[in-house]
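# Understanding the architecture of this molecule
Spelled out from the first residue to the last, the chains are:
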Amino acid sequence: MIRKIKSLSFLFLFVFSVGFAQVKISGSVVDEQNQPIPFANILFVGSTIGTVSDENGEFYLESDKTYNQIEVSFLGFENKIIPVKSRDYNITITLKEEASMLKEVFIYSGKVKKKGNPAIAILKKIWARERKNGIYLFDQYQYEKYEKLEFDMNNIDSAMINSKIFNGMEFIFKGVDTSNITGKTFLPIFINESVYNSYGKNKGGRKFREDIVANKNSGFGNNQNVIAFIKDLYVDYNVYDSYIKIFDKSFVSPISKAAGISTYNYVLTDSAFIDNKWCYNILYYPRRKGELTFKGDFWVNDTTFAIKEINMQANKSANINWVKDIYIEQEFDVLNDSVFLLKRDHMLSDFSLNKKNKSKGVYGRRTTMYKKYKFNEEKDDDFYAKEVNPYDTKIYNKEDAYWEENRHEKLNENEQGIYTLLDTLVTVPKFKKIYNLVEILGSGYIEFNNFDYGPIYSTFGKNDVEGLRIRVGGRTYFGSNDLWRLQGYTAYGFDDHQIKYGVSGKWMLNPKNRVIVGLGNRRDVEQIGVSLTTTNDVLGRSFASSAFFASGDNSKLTSINLSNAFVSIEPKKNLYFRLGASYRTLKTASPETFNIDYWVDKENNIKKSDVIQSEIDFSIRYTPNRKTIGYGVERNEVSDNYSTILLNYSKGIKGLLDSDFDYQKLQFFYRQPILIGGFGRTFATFEAGKTFGEVPISLLNVVPGNQSYFTIENTYALLDYYEFITDSYASIHFEHNFNGRLLSRVPLLRKLNLREIIGVKSVWGDISDKNRELNASTTIVNYVAPTKGYYEYSVGIGNIFKVFRLDFSWRGNYKDTPGSDNFAIKGAFGFHF
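What this report covers is the structure whose coordinates are included nearby. Only a predicted model underlies this, so the values are computations on that prediction, with no experimental measurement involved.

Once that is clear, we can look at the overall build of the protein. When helices and strands are tallied, the protein shows eleven helices and 44 strands. Rg of the C-alpha trace for the protein: 31 Å, near the compact-globule value of 28 Å for 833 residues, within the 12% margin. Counting only C-alpha atoms and orienting by the principal axes, one finds that the protein spans roughly 105 × 60 × 60 Å. Looking at the protein residue by residue over its 833 residues, the buried ones come to 54%. Just so you have it, the protein exposes about 38,100 Å², and 55% of that area is on carbon and sulfur atoms.

As structure tokens, this is what we get:
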């Protein structure tokens, strides 16, 4: 999510013929006491074009046809028809209460009775036939999809135009447009177009394949980071589903069978012919504030009860960050009397730092159009298993003539101008400086030709052994899709006066199956007891080793000299095999406070304080639904909303290069995010492992403690480092974020948009007598394993000032451990929608 926010801040900086609708009106709807009437219906007389007022009674409506009257209606009030001009802004419409209706509805709460409501009767018929609509009627289907993604700066005013930041770039303001949804002025700054061939199968197990045919991108060339970021924001959705996922949040669909009636009020307002089909118009709006809901209306056919058109606008009080408005509209085409197919899908989001009407932000718009539907052309399972290379350069270099022929709708003047604008803008020196600054903040690296200095966020660190630590490093960088990359760093601690370093290299030998070889070496100080599932990452460094703020003793650090080499392959998308070999020496980084001695010959009082170990390892990792950016030796992840399954086997080889121990390790890791409709999201993590053979503390499995003041994933908030030591273990973590589901119903807390988080963690472990007897440490005299099963639980409040969370944790048992904490408060920063 941090990557999303950084990419969003990047798009805020890009900055484009004015188009005029025939009628544009805006204003507010109030009652006779001048109180706003939310969710009133506003309609151009003689049309099906309309909108619904927001929670403050405000609305905006426009049409490219000429209309001179609007009709305003709301339950319990008399309908009102008023004349309008072609440009009529900030009008106030006062509705008069209708006495005969006062006993039927609750006017100011906005609630409509469910019993005997004809709108709900229609809704139930939609539910009964939803799976008979559209592509689900056919065994197999295919279609061509055209997708247009756009970003626009909004609320453009004279202050912005005259701002010093745009000195030398005034030409970008040659034209501004007005949104037909919000009525705000905006400046188009980015456009991306794609054409896809899509294939699907319903019978015999659902399958889907989508091949990208062409892509055109304004100003960013083949910048897959921007494209992937935008596409991840606008995932596909189905209005017939009970919940619609937008920005990792589950909004209740107005057609929801599971929660629709309990979440929305429904009102049957109109009926009319649409494309020669008689349809009903149903208005809907939320029953409560602060929940992830929409307002709007939809048209439904009177015989098939399939949705013909639907408009959805997110409730402004919805608990979602950095987004002021979300608007969705869909249109369906008629194949025959019983089949409706999706024809056009449009979504607009208003990204902003706050939800004030005059605050500036960025519109993100996606328009998707579908045509050339074909049905029941048989394709076997092998066809769906094949993948077209999405990084083929031919896809991104189509001629203009191709786009003229294959666009499903023509670009308007503003959209056509974006391509020219960005080509010009990237030549402006001031713009280049702004671009480079944002790129540094987003990536953490400063670019010098083909070398990047960084990451700058790792420059400073602190611990009890090194004291203040300074680190400098860099990497080769010819482009995001480099087939090889070298990285390195050096660091110095002002207390231990030691120089550390690390260097690594990776080469991709076969891009098709992602065959990669790598090797590296690192000499550094590390906290090795912060993860149950271990890796041989040469350049990795834990937060515990460099945290500026820590509680208790943070001197149990190990000096490590690690060399490794590996080869990996990805024979199938998101399925990885890795074979590696490593050689390491381990010794205490602070002999006075941390001793890791072990017996070589206990009878003759011979012990050793360092470990020399050669090891080979083999791992299998599967990450279904993982999305990545680019095709180089290193790729960025689009989001973390995917499951991970890891199985790792390693073997220590005694005698190889003077290696000390012979052992085998087997480790399993499984992480699963679970969306639970409108009740939020759960992250579940399970780890298990076993070490076969006799090994000292440096090679055992230490249950990860957390002595920082921050919440760290997959660690135990109330455990110290090395509090539990095992050679067999099983650990499970559950964390559930309600996304404000509960607190949104508490009146005094609703406006704070806080989010409730609960969690429980538990670990069982054991250690053999032989491994206990091997211990000769004077600082960790007795190994303690959680044989009874340790657990802790927590309650947290998230979204404090949009970026902070607090977690309150309690020990469930092992409360009598000397020096242990039974309660802790920890926090974390993060950017989340």
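Turning to the side chain of N521, a few remarks are in order. Secondary-structure assignment places N521 in strand β27 (residues 515–526). The class for N521 is buried, based on a relative accessible area of 15%. In this structure the side chain of N521 is engaged in a polar contact, spanning 3.2 Å, whose partner is the backbone oxygen of L562. A distance of 2.7 Å separates the side chain of N521 from the side chain of S563, its partner in a polar contact.

Attention now moves to the sheet that holds strand β4 (residues 58–63). Across the sheet, three strands lie side by side as β4-β1-β7; this open sheet has mixed pairing. In the strand order of this sheet, the two ends are held by β4 and β7 (87–94), each with one partner. The sheet shows a mean angle of 20° between the axes of neighbouring strands, taken without regard to direction.

What follows deals with the packing of aromatic side chains. Throughout the structure, instances matching the rule amount to 32 aromatic pairs. With centroids separated by 5.1 Å and ring planes inclined at 75°, the aromatic side chains of F724 and Y814 adopt a geometry described as edge-to-face. Of this pair, F724 sits in the loop between β38 (701–702) and β39 (725–726) while Y814 sits in the loop between β43 (804–811) and β44 (823–829), placing them 90 residues apart in sequence. Using a relative accessible area of 1% as the deciding quantity, one classes F724 as buried. Aromatic ring contacts, followed pair by pair, group F138, Y141, Y143, Y370, Y373 and F375 into a single cluster.

Let us look at empty space enclosed by the protein. In this approach a probe as big as a water molecule rolls over the atoms, and the regions it shows empty are the leftover space. If you add up the space inside the largest cavity, you get close to 160 Å³. If you trace the largest cavity, you find 19 residues lining it, with S250, L292, G678, N739 and R741 closest to the centre. In terms of residue count, strand β13 (residues 249–252) provides more of the lining of the largest cavity than any other element does, three residues in total. When its residues are assigned to classes, the lining of the largest cavity shows five nonpolar, nine polar and five charged. Together, F251, A314, N315, K316, A318, I320, V323, K324, D325, I326 and K355 line the second largest cavity.

Attention now moves to unusual backbone geometry. Residue P455 is reached from G454 by a cis peptide bond, and omega for that bond is 0°. Note on placement: P455 falls in the loop between β22 (451–453) and β23 (460–463). Phi at N90 takes a positive value of approximately 60°, unusual for a residue other than glycine. Mapped onto the elements, N90 comes out in strand β7.

Here we come to the pairing of strand β17 (residues 307–314). By the criterion of burial, β17 is predominantly enclosed, with seven of the eight residues buried. Across seven bridges, strand β16 (residues 294–301) lies against β17 in antiparallel orientation. Following the sheet pairing, G296 is matched in β17 by M312. Where β16 folds back on β17, the antiparallel hairpin that results is connected by five residues, among which F305 adopts a positive phi of roughly 55°.

With that settled, consider helix α9 (residues 429–443). Between the first and last C-alpha of α9 there are 21 Å, a value that for 15 residues agrees with the 21 Å anticipated at 1.5 Å per step. Every buried residue belonging to α9 is among F431, I434 and V438, and all of these are buried. Buried residues along α9 cover an arc of 65° about the axis, so they all sit on one side. Every exposed residue of α9 that faces more than 90 degrees away from the buried side is listed here: P429, K433 and L437.

Here helix α2 (residues 118–129) spans 17 Å end to end across twelve residues, near enough to the 16 Å set by a 1.5 Å rise per residue. Restricting attention to buried positions, one finds in α2 the residues A119, I120, I122, L123, I126 and W127. For α2, the angular spread of the buried residues around the axis is 155°, confining them to a single face. Elements in contact with the buried residues of α2: α5 (260–263), β14 (264–274), β15 (277–286), β16 and β17. Where α2 begins, the side chain of N117 points an oxygen toward the backbone nitrogen of A119, at a separation of 2.9 Å.

Grouped together as the largest cluster of nonpolar side chains are 78 residues, with contacts concentrated most on I126, F294, F298 and I326. Setting aside its immediate chain neighbours within four residues, I126 contacts Y240, I255, F298, V300, F305 and I307.

Our focus in this paragraph is the sheet that holds strand β6 (residues 80–83). Ordered by their spatial adjacency, four strands build an open sheet running β3-β2-β5-β6, and the pairing between neighbours is antiparallel. Only two strands of the sheet have a single neighbouring strand rather than two, namely β3 (50–52) and β6. The sheet shows a mean angle of 20° between the axes of neighbouring strands, direction not considered. Both strand β2 (residues 41–44) and β3 contribute to a ladder of three bridges, which runs antiparallel. Within the sheet, the bridge partner assigned to N41 lies in β3 and is V52.

Within the secondary structure layout, V503 lies in strand β26 (residues 499–510). Residue contacts for V503: discarding those within four places in its chain leaves Q487, G488, L519, G520, N521, V538 and L539.

For the rest of this paragraph, the subject is the pairing of β16. The buried fraction of β16 amounts to eight of the eight residues, a majority that puts the element mostly inside the structure. Of the two faces of β16, the one lined by F294, G296, F298 and V300 and the one lined by K295, D297, W299 and N301 are each fully buried.

Now for a nonpolar patch on the surface. Residues F686, I732, F734, I758, V760, Y791, Y793, V795, W810, F823 and I825 make up a contiguous nonpolar surface patch of about 890 Å² in total accessible area. For the nonpolar patch, the secondary structure elements donating two or more residues are β40 (728–737), β41 (755–766), β42 (790–800) and β44. Per-element accounting of the nonpolar patch gives the leading share, three residues, to β42. Examined against the element boundaries, V760 turns out to sit in strand β41.

Parameters and conventions
Residues numbered from 1 in each chain as written. Predicted model: local features only at pLDDT ≥ 70, side-chain atom pairs only at ≥ 80, totals over all residues. Heavy atoms only, no water. Helix = DSSP H or I, 4+ residues; strand = E, 2+ residues; numbered from the N terminus. Rg over C-alpha atoms; globule rule 2.2 N^0.38 Å. Buried < 20%, exposed > 50% of the residue type's maximum accessible area, 1.4 Å probe, protein only. Areas by Shrake-Rupley, 256 points an atom, 1.4 Å probe, with all protein chains shown as cover. Polar contact = N/O pair within 3.5 Å; in protein donor to acceptor, adjacent residues only side chain to side chain. Pairing = 2+ DSSP bridges. Axes fitted to C-alpha atoms, helices over the stretch in contact; angles between N-to-C directions. Phe/Tyr/Trp six-rings, centres within 6.5 Å; stacked < 30°, edge-to-face > 60°. 1 Å grid on protein atoms, 1.4 Å probe; cavity = no way out; pocket = protein on both sides within 12 Å on 5 of 7 lines; lining within 4 Å. Points joined across faces, edges and corners; volume = space filled by probe spheres on them. Nonpolar A, V, L, I, M, F, W, Y, C, P; charged D, E, K, R; others polar. Expected span 1.5 Å × (residues − 1). Arc of directions from axis to C-beta. Contact = heavy atoms within 4.5 Å. Core = buried A, V, L, I, M, F, W, Y, C linked by side-chain atoms within 4.5 Å. Patch = residues over 30% accessible without salt bridge, like charges linked within 9 Å, V, L, I, M, F, W, Y side chains within 5 Å. Salt bridge = Lys/Arg side-chain N within 4 Å of Asp/Glu carboxyl O.

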